[in-house]
Amino acid sequence: GAGVSQSPSNKVTEKGKDVELRCDPISGHTALYWYRQSLGQGLEFLIYFQGNSAPDKSGLPSDRFSAERTGGSVSTLTIQRTQQEDSAVYLCASSDTIPSYEQYFGPGTRLTVT
Amino acid sequence: AQSVTQPDIHITVSEGASLELRCNYSYGATPYLFWYVQSPGQGLQLLLKYFSGDTLVQGIKGFEAEFKRSQSSFNLRKPSVHWSDAAEYFCADASNAGGTSYGKLTFGQGTILTVHP
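The paragraphs below set out a description of the structure included in this document. (Residues numbered from 1 in each chain as written. Chains lettered and ligands numbered in written order. Predicted model: local features only at pLDDT ≥ 70, side-chain atom pairs only at ≥ 80, totals over all residues. Heavy atoms only, no water.)

**Brief notes about the state of the cysteines**
For the record, the criterion: What counts as a disulfide here is a pair of cysteine sulfur atoms lying within 2.5 Å. Where helices and strands are cited, they refer to DSSP runs of H or I of at least four residues and of E of at least two residues respectively, numbered from the N terminus. With a 1.4 Å probe rolled over the protein chains alone, any residue whose accessible area is under 20% of its type maximum counts as buried; one over 50% counts as exposed, and the rest are partly exposed.
Throughout the structure, instances matching the rule amount to two disulfides over all chains. Disulfide pairing places Cys23 of chain A opposite Cys92 of chain A at an S-S distance of 1.8 Å. Residues Cys23 of chain A and Cys92 of chain A share a disulfide whose torsion about the S-S bond is about -65°; that sign makes it left-handed. Taken as a pair, Cys23 of chain A in strand β3 (residues 19–24) and Cys92 of chain A in strand β9 (residues 88–95) lie far apart in primary sequence, 69 residues in all. Across the pair, exposure class does not vary: Cys23 of chain A and Cys92 of chain A are buried alike. Two residues share a disulfide in this structure: Cys23 of chain B and Cys91 of chain B, whose sulfurs sit 1.9 Å from each other. What sets the handedness of the Cys23 of chain B and Cys91 of chain B disulfide is the S-S torsion sign, and at about -65° it is left-handed. Here Cys23 of chain B is found in the loop between β3 (19–21) and β4 (24–25), whereas its partner Cys91 of chain B is found in strand β10 (residues 87–93), with 68 residues between them in sequence. In terms of burial, Cys23 of chain B and Cys91 of chain B fall into one category: buried.

Shown next as structure tokens:
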């Protein structure tokens, strides 16, 4: 079946602009995670959704970052007033178990802030 | 907070040689440990996981890993490496110091594997 998909695959934006990154999890997966992969920081957890609720937002680096999930499915990660340090690959993962110990990752969105 | 250490940033082996990638975790309770592989431009693929029970776990693509509590290690091994194994490998831990574990992963810094023909 279809895996986790993310769009766009690449995004180049100017400093100060807002961006939206989309994640389509595997159908029926109730848990959804966002991670960020950057050269300096490696792979970092950002936020976790169970259904449409986000019990753990502890990894969001600043209040410029927000995320939502609708219909227990699609999730959008929004970065406002982008900065160069936001340049990274943003990965989404989903899981059908609670706790979610087997996560399926999407290919990621590479964000470049110029 | 838990941490995961992969001491080797880059490892080079010859095709057909054996492989061991090191991983150490910091959390004292029973960890939930994983190995993922990432090929260039690709997402992460789960190779294997350890939750409890037999300390030697088998994964996909001929990989195995051994959990050693006394050494706080979870090293990944493969008896004979293929050129297609060249990728970056990440060790991860989903344990939690307290409260509900949501399964969020703490990753090591990754080990890049180069395979020489």
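**Side note on the pattern of salt bridges**
When charged atoms on two side chains of opposite charge get close, those side chains can pair. Residues and elements named next belong to chain B. As a reminder of what qualifies: Basic side-chain nitrogens of Lys or Arg form a salt bridge, by our definition, when they fall within 4 Å of a carboxyl oxygen of Asp or Glu.
One pass over the structure, following the stated rule, counts nine salt bridges over all chains. Between Lys78 and Asp85 there is a salt bridge, and its shortest N-O distance comes to 2.8 Å. The pair formed by Lys78 and Asp85 is uniform in burial state, with each residue classed as buried. Overlapping salt bridges, with partners in common, bring together Glu64, Glu66 and Arg77 in one network.

**Focus on the interface of chain A and chain B**
Just so we agree on the cut-off: Throughout, a residue-residue contact means that at least one pair of heavy atoms, one from each residue, lies within 4.5 Å. Each of two parts loses accessible area, computed with a 1.4 Å probe, when they are put together; buried area is these two losses added. Here a polar contact is taken to be a pair of N or O atoms separated by no more than 3.5 Å, where protein atoms must pair a possible hydrogen donor with a possible acceptor and residues adjacent in sequence count only if both atoms sit in side chains.
Facing the 20 residues of chain A at the interface are 20 residues of chain B. When chain A packs against chain B, close to 1700 Å² is buried across both sides, 57% of that on carbon and sulfur atoms. On the chain A side of the contact with chain B, Leu43, Tyr101 and Phe105 of chain A bury the most area, a combined 40% of that side's loss. If you look at where chain A meets chain B, you find two salt bridges. In this structure, the connection of chain A to chain B is made through five residue pairs in polar contact (both at pLDDT 80 or more). Of all the secondary structure elements, the ones that give two or more residues to the side of chain A that touches chain B are β4 (31–38), β5 (42–50) and β6 (53–56) of chain A.

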